[in-house]
Amino acid sequence: QFLEVASQHRKLLELTVYNCDLAIRCTGLVEELVAEGCSAIKARFDKTNTELGDMRIQVHKDHLEYFRMLYLTLGSLTYKKEKRLEEIDRSIRTTHIQLEFCIETFDPVAKKHSDQKKELYARRP
């Protein structure tokens, strides 16, 4: 009877060892699965990060190109505005001289030159 109990106990211990070996094998497989998942996630992250970096550079290039266009347009408009101001100032001086000349000669056109001078001052920013 002792041998029978010992035999049963031995079978139970062998089953426990087998279960432990199986658990170790399953744990190894799960570890391998998790490691593969992590490496896949890292690869995807790296690829996405690279794509985002490329997109960021392209967006910066686009913005720079647009900014350059706006900056050049601003320079052109500023130049045109200054030239227009010079032209208006020159017209004001000419009209003032004509007005003074008309006033000195009692010319009836003086009112026209006076109105023109007022209009030029109104157009000047």
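Above this text is the structure in question.
All of these numbers come straight from a predicted model, not from anything done at the bench.

## Regarding the environment of Thr16
Residue placement: Thr16 occurs in helix α1 (residues 2–104). A relative accessible area of 43% places Thr16 in the partly exposed class. A distance of 2.9 Å separates the side chain of Thr16 from the backbone oxygen of Leu12, its partner in a polar contact.

## A short note on the packing of aromatic side chains
Throughout the structure, instances matching the rule amount to one aromatic pair. The interplanar angle of 25° and the centroid separation of 5.8 Å between the aromatic rings of Phe67 and Tyr71 together place this pair among those described as stacked. Pair noted here: Phe67 and Tyr71 are both in helix α1, with a separation of four residues, about one helical turn. Tyr71 carries the same exposure label as Phe67, and that label is exposed.

Conventions used here
Residues numbered from 1 in each chain as written. Predicted model: local features only at pLDDT ≥ 70, side-chain atom pairs only at ≥ 80, totals over all residues. Heavy atoms only, no water. Helix = DSSP H or I, 4+ residues; strand = E, 2+ residues; numbered from the N terminus. Buried < 20%, exposed > 50% of the residue type's maximum accessible area, 1.4 Å probe, protein only. Polar contact = N/O pair within 3.5 Å; in protein donor to acceptor, adjacent residues only side chain to side chain. Phe/Tyr/Trp six-rings, centres within 6.5 Å; stacked < 30°, edge-to-face > 60°.

So yeah, pure geometry; function would need other evidence.
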